[in-house]
Each structure stands twice: as C-alpha cells, then as structure tokens.
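Structural description and commentary
The primary structure of each chain is shown beneath.
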Amino acid sequence: MYDRQDLTFQLFDVAKLDHLLAHPRFDALDRSAIEGFLDAADHIAETAEPLAARLDETPPTYRDGKVDMLPEAQSAFDALREAGLIGGPLPETYGGLGLPETVHQALAFVLSAANIGLTAHGMLTLGAARLIESFGTTAQKEKYLPPLAEGRFTGTMCLSEPHAGSSLADITTKAIPQEDGSYKIIGRKMWISGGDHELSENIIHLLLAKIPGGPEGIKGISLFIVPKKRVDDEGGVGERNDVALAGLNHKMGYKGITNCALNFGENEACIGELVGEPHNGLRYMFQMMNEARVAVGLGAAALGQSGYQASLAYAKERPQGRHPDEKTPGSGQIPIIEHADIRRLLLAQKAAVEPALALGLFCAILLDRIELGEETAETDALLLDFLTPIAKSWPSEFCLEANKHAIQVLGGAGYTKDYPVERLYRDNRLNPIHEGTHGIQGQDLLGRKVTIKGGAAAQAFVAAVTADLKRPTDDKDIAAFQESLKQALDRFGQTTMAILGKTQEVGVRRMLSNATLYLDFTGHLVMAWMWLRICLAAEEVRRNEGDSDFLKGKVQAARYFFNRELPRTKGWAETLSSLEDSAFAMQADWF
C-alpha cells in the first residue's frame, strides 16, 4: 500500500530525476522506462503484500539444521530475481541493469511497503555485491558479482557476536592465515538477517574477524568473504563451507526474513577470502553499513506509508458518530474522517512519511551524483555523510509513531490481526534498533559528523538548506515556511556552537548523553527542509498544470509540520544548549 502519484511526484518534481537521467550513462532511461520499472514493482507487490501477512502468521522455522519457510516465499523471491530488481544498480558487465541508485530506492520503497522482509534480502545482497565491487580483487568480482546481481546468491553482513552486540571492538571471531592465501574462520555471529534460508543457491557472508597478531580493538578488524557453500573459480557451487545455523531468533515482527545465530568453523573447515588489505575491514564495511542505514530509513518510511494508506482507507469508509454540533436523534452517522481528531491523526502520518521518503530519495540522488563524479561530488559526499544518521533514524523513530497513529485511527479494530496496521507497527519497531540503534546514530551525528573535517559536513548541510531558503516563491504559505525554517536553521547553529563550547567545560561524556535529543532536534529541521522542497515543487507543478487536491494536501501537511512539529525544536534547543545532565548524573544504584 503506497501512493503511486506521490512517489512519481517525489521522483520527478522534488528529486528532479530528469536532471540525473540527462547524464550519458543513463541515456537508455527516460520517464517512460522508469514508469515501466514501477509497474513491474507494483505487479510483484500485488503478490508480496498478502504473503507478508501469511509469513507473519507462519514465520520461518528451524528444522534439521535448515530453514523451513512458506513455499510462496520462494515464488515471490523468484519474481524479484526475474525482474532484475535485486542487482538493478550494478553495472551491466556483472549482470546488473545499471539503474541509478535513486530509481532503485524508489523500487525498494514500493516493495518494502508491500513486504519489508522479502525486500530486505535484496537490500543485503546488493550491499554485499557493491562492497566486493569496491574493494574486492578482479577475481573476486568475476566470481561473486554475477550470481549476486542475478539473485542466484544472496548476501549478508556478519558483524555482531553474542557477547559484543554493537561493540565491534570486542569481536573474537578469528581468521587464521593458510598457506594458499585463504583464511580459516572460527567464531560465532548473532543477529544475522538472511543468515540462512533456502531461497537462493548460496549465501555470501561479508564477515568481520580478527587476524591473530593484529592490532587491538577496531584497528585489528579485517573483512572476509565467507560463502555458505564453497564457490570455485568459475562460480560453481560445491560443498558446505562449515557454516552452521545455530538457531533462529524469534522476532516480534519483520518475520519475512530470518534472523540467525551462525557458527563458523565448528569443524575447523570454514574458509574465507580476505577483502582488501588486512585490518581495514571496518572501514570497508562502513560502505555497506551506510548504504543499509539509508535503506532502513526508506523502509521505515514505506511501512509508515502502508499504515497511513490503510488507516486513510478505513477512515473514509467507517461510519461512526456525528459532528458535536449536529447530534440530531436519528440522523445518519458520518465517516470518521469527518472528525477533526481523526484528521489530525491522518495528517500527523502524512506529515511524517512524505518528507521521510523525500529524504531517502535526496540521499540517493547525492550518491548518484558522487558516483558520476559530478563537480559537486566532494560537497555531496560531506552532505550525505551528515544526513545518513538522520536518514536512518528519523524515519525509524517517527514513521513508527505514524504506525501508532494508524492503529489509533482504527480504534479497537487496529489492535486486532483483522487489519494490517498492528503488523506494520511490529515490523517497523525493528528499525530504530538494527543497523545502528537510534542512540548510536545520535552519537555518530553529534560526536563525529558535526565536527568532521573542521565542521565541513555541517557547513555543507547549512549551505544546502540556505540555497532552498533563497528560492523564489509567490505563495504566502511557502514564504512563511521559509522564514520559519530560517529561524530553525539559525537555532541549529546557535545550539550546536553552545554544545561544543560547553563540552570543553563538562566533558564529552555529558555532551554525548544529549546526543539522541540532538538527533531528533536536527532531524526535525531536516524534515522541515524536505517539506519546503516538496512545497516548492508543488508550486512549480501548480504554475504549469494548475491546482489540485493533491497539491493542496502537500501544503496543508507542511503547515501541520511547521505549526506543530518544528516548534518542538525551540524547547529542545534550550535543553541541549545547557547540556542538561539528569541522565548523565543518574547513578546505576539509584534505579
């Protein structure tokens, strides 16, 4: 469930995809071709969406060392493969379609709105392939990229361990050098999405491990390709590679993809291939992690969109009650969308999910421009670096809030399995956790991104927002939005400088105890910026094609955000500027 009209508007009018398609690399693509890809995604989604509910009721199970999954999952995955939607952005030389990242993310949004678990297989596979493309040898690329692009192999990222979680410095999985240049892998990994299943012919694990004798902590981490089944030089699949499924984690949602505990080298027969240079594994892995973070945020927006569409449809059809000043006995009941508080709940959802989509597509456009080597590539890279923790975390937090509102619109019915909104909430609840928790993203933003390269990333952000503040408008509402956003941007600068200045006095620990609030504070500013971009695009369409309910809805949702959400940053700024210390000063024993 998603709004096709909104997605195409966001792609072509807000993100200006036509400008990207004008590049010679994409000369075979035009709007008609992109619409065709969206049609293909819609077709797959028609089957994948009802499957999501069935997988939720009958999730994968662990039986005789293998994963047992509903047979329909195989058919849906095969449809993804046959449409070429798994390796779409990979070069055609490796079996991909050479699609822009922006188009791929739009297709992923459609599929995630229908079935987030199924789509996650493709996201991880593409991330693994691009990691090998960036840092692998020529032989590794030729061996692994074609089957990954095709979806004949799927991919994972194996980072966490049972004792370490997000603390990667403490991983203990070992990679012991062998005489033939390979490595013997011994260790355990936990929370591995897509870690085992029978959907693909093979699974390629991108695994972090430490070579004995290397540096301590994160500086001693290396990256390895570890297939579930061994692969010969021609890409043929052979015997098992001593990678054992230790068990499945039983999740409250997101049940369309397994989450696994894996044992590597129980029989000391697990072989891995080093990617790149030794002890640089975490640096390499950050490419896949950052791509996954933007994808997670877009998936969260898609789940928020699904809940919004479901609750909107229900509100239009469900009769209940009467207006407070029209309670004539015997008069007919009105659809609940006529009640102001229901409209508030719907508007709150719309105000969250649409700018979240805009941000995901904006990040994808930046990535495309970087890969094309545009003149702005250096600044685009800084801006993308700054926005990544927000693109992951704001949708994960606030589109989850939108799913809560969707349940509320349906009332008691929303709390039952008769409607999808409770499942969508459970699915979305994972997104503030995986690929770096909400708190970790806050620490990344405030502890690193704000000060990186002497503040260059933050300056790139301020410059990008300022450019849109200067765009001309004849619309009084949009002009008011620009003024409100300018004040918020000034508040961001003042608050950030106050935090950095006070940190010298109180220390980095107290500063970072406010990092999550800083993430929300900055995220709200970014979403106001996205709403401004949406409204400026709507004004341009209105000027060329005339007004419509669709365009009026954009400005009204922006009004909601600017009037009810952006003002929250004023109180947050006061708290942040003082580096309020209630959480920092709390002692463990006082709980």
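Residues numbered from 1 in each chain as written. Predicted model: local features only at pLDDT ≥ 70, side-chain atom pairs only at ≥ 80, totals over all residues. Heavy atoms only, no water.

1. Notes on the nonpolar core
- If you look at the biggest cluster of nonpolar residues, it comprises 83 residues, and the most contacted ones within it are Leu-7, Ile-185, Phe-224 and Phe-264.
- The dominant element in this core, judged by the number of residues it contributes, is helix α3 (residues 31–57), at nine residues.
- Among all residues touching Phe-264, those that are not within four sequence positions of it are Cys-158, Ile-185, Ile-186, Gly-187, Lys-189, His-205, Leu-207, Val-226, Asp-242, Val-243 and Cys-270.
- Among the nonpolar cores identified, the runner-up in size contains 72 residues, and Ala-352, Trp-531, Ala-558 and Leu-566 belong to it. (Core = buried A, V, L, I, M, F, W, Y, C linked by side-chain atoms within 4.5 Å. Buried < 20%, exposed > 50% of the residue type's maximum accessible area, 1.4 Å probe, protein only. Helix = DSSP H or I, 4+ residues; strand = E, 2+ residues; numbered from the N terminus. Contact = heavy atoms within 4.5 Å.)

2. Re the pairing of strand β3 (residues 153–158)
- Counting buried positions over the six residues of β3 gives six, a clear majority of the element.
- Of the two faces of β3, the one lined by Phe-153, Gly-155 and Met-157 and the one lined by Thr-154, Thr-156 and Cys-158 are each fully buried.
- One ladder, built from six bridges, connects β3 with strand β6 (residues 202–210); its direction is parallel. Within β6, the position partnered with Met-157 by the bridge is Leu-206. (Pairing = 2+ DSSP bridges.)

3. Remarks on the UniProt feature "domain: Acyl-CoA oxidase/dehydrogenase middle" (unreviewed entry) in the chain
- UniProt tags residues 157–264 as "domain: Acyl-CoA oxidase/dehydrogenase middle" (unreviewed entry).
- What you have in residues 157–264 is 0% helix and 48% strand, and the ends, taken at the C-alpha atoms, are 14 Å apart. (UniProt positions renumbered as here; feature names shortened; annotations may be inferred.)

4. Structural notes on the side chain of Thr-473
- The residue Thr-473 is located in the loop between α13 (452–469) and α14 (476–506) in this model.
- Of note is the side chain of Thr-473, whose polar atom sits 3.1 Å from the backbone nitrogen of Asp-475.
- At a separation of 2.9 Å, a polar atom in the side chain of Thr-473 contacts the side chain of Glu-539.
- The contact partners of Thr-473, leaving out residues within four places of it in the chain, are Ile-478, Ala-479, Gln-482, Leu-536 and Glu-539. (Polar contact = N/O pair within 3.5 Å; in protein donor to acceptor, adjacent residues only side chain to side chain.)

5. Overview of helix α10 (residues 377–410)
- Between its first and last C-alpha atoms α10 spans 46 Å; for 34 residues at 1.5 Å apiece the expected length is 50 Å, and the two agree.
- The axis of α10 is deflected most strongly, by about 40 degrees, at Leu-387, and proline Pro-389 appears within four residues downstream.
- In terms of burial, α10 is a largely internal element, 27 of the 34 residues being buried.
- Positive phi appears at Gly-411, one or two residues downstream of α10, with a value of about 65 degrees. (Expected span 1.5 Å × (residues − 1). Bend = angle between axes of the 7 residues up to and from the residue.)

6. Looking at the environment of Glu-92
- Tracing the backbone through its elements, the reader meets Glu-92 in the loop between α4 (71–82) and α5 (101–114).
- Residues Glu-92 and Ala-149, spaced 57 residues apart in sequence, show a C-alpha to C-alpha distance of 9.3 Å.

7. What about the UniProt feature "domain: Acetyl-CoA dehydrogenase-like C-terminal" (unreviewed entry) in the chain?
- Under the feature "domain: Acetyl-CoA dehydrogenase-like C-terminal" (unreviewed entry), the UniProt entry names residues 462–587.
- As annotated, residues 462–587 comprises 84% helix and 0% strand, and the C-alpha atoms at either end are separated by 38 Å.

8. Description of helix α12 (residues 438–449)
- All of the buried residues in α12 are His-438, Gln-441, Gly-442, Asp-444, Leu-445, Leu-446 and Lys-449.
- Buried residues along α12 sit against α8 (281–317), α10, α13, α14, α15 (508–512) and α16 (515–545).

9. What to know about the pattern of salt bridges
- This model, assessed by the stated rule, comprises 39 salt bridges.
- Between Arg-130 and Glu-291 there is a salt bridge, with the nearest N and O atoms lying 3.3 Å from each other. Placement of the pair is Arg-130 in helix α6 (residues 116–135) and Glu-291 in helix α8, with a sequence separation of 161 residues.
- By relative accessible area, Arg-130 is classed as buried at 7%.
- Accessibility expressed as a relative area gives 16% for Glu-291, which makes it buried.
- A salt bridge links Glu-201 to Arg-152; the shortest N-O distance between them is 3.2 Å. Pair noted here: Glu-201 is in the loop between β5 (183–193) and β6 and Arg-152 is in the loop between α7 (138–150) and β3, with a separation of 49 residues, a long-range link. (Salt bridge = Lys/Arg side-chain N within 4 Å of Asp/Glu carboxyl O.)

10. Here we look at the side chain of His-405
- As for its position among the elements, His-405 is in helix α10.
- For His-405, a relative accessible area of 14% translates into the label buried.
- Leaving out residues up to four positions away in the same chain, His-405 has contacts with Leu-345, Ala-348 and Gln-349.

11. So, the packing of aromatic side chains
- By the definition in use, this model includes 15 aromatic pairs.
- With 5.9 Å between their ring centres and 70 degrees between their planes, Phe-461 and Trp-529 make a pair best called edge-to-face. Placement of Phe-461 in helix α13 and of Trp-529 in helix α16 is noted, with a sequence separation of 68 residues between them. Trp-529 carries the same exposure label as Phe-461, and that label is buried.
- In this structure an aromatic cluster arises from ring pairing among Phe-362, Phe-386, Phe-461, Phe-492, Tyr-518, Phe-521 and Trp-529.
- Over the ring of Phe-12 we find Arg-31, and its NZ or CZ is 4.2 Å from the ring centre. (Phe/Tyr/Trp six-rings, centres within 6.5 Å; stacked < 30°, edge-to-face > 60°. Lys NZ or Arg CZ within 6 Å of the ring centre and 35° of its normal.)

12. What to know about the state of the cysteines
- With the rule as written, the count across this model stands at zero disulfides.
- Here Cys-260 stays free of any disulfide, with the sulfur of Cys-158 as its closest cysteine sulfur at 9.2 Å.
- According to the relative accessible area criterion, Cys-260 is buried, its value standing at 0%.
- No disulfide involves Cys-535; its sulfur sits 17 Å from the nearest other cysteine sulfur, which is in Cys-399. (Disulfide = S-S within 2.5 Å.)

13. Looking at the layout of surface pockets
- For the largest pocket, the calculated volume is near 1300 Å³.
- The residue makeup of the lining of the largest pocket, split by class, is 18 nonpolar, 14 polar and nine charged.
- Of the volumes computed, that of the second largest pocket is approximately 670 Å³.
- What lines the second largest pocket is a set of 25 residues, and nearest its centre among them are Asn-290, Leu-367, Ile-370, Ala-381 and Leu-384.
- Class assignment for the residues of the lining of the second largest pocket results in ten nonpolar, six polar and nine charged. (1 Å grid on protein atoms, 1.4 Å probe; cavity = no way out; pocket = protein on both sides within 12 Å on 5 of 7 lines; lining within 4 Å. Points joined across faces, edges and corners; volume = space filled by probe spheres on them. Nonpolar A, V, L, I, M, F, W, Y, C, P; charged D, E, K, R; others polar.)

14. Quick word on the pairing of β5
- By the bridge criterion, four bridges tie strand β4 (residues 174–177) to β5 in an arrangement that is antiparallel. Note that in β5 the partner of Pro-177 across the bridge is Tyr-183.
- The antiparallel hairpin formed by β4 and β5 contains five residues in its connecting segment, where Gly-181 sits at a positive phi of about 95 degrees.
- Relative to strand β12 (residues 271–275), β5 runs antiparallel, the two being bridged by two bridges. Among the inter-strand pairings, Tyr-183 is bridged to a residue of β12, identified as Gly-272.
- Direction of pairing for β5 relative to strand β11 (residues 259–264): antiparallel, over a ladder of five bridges.

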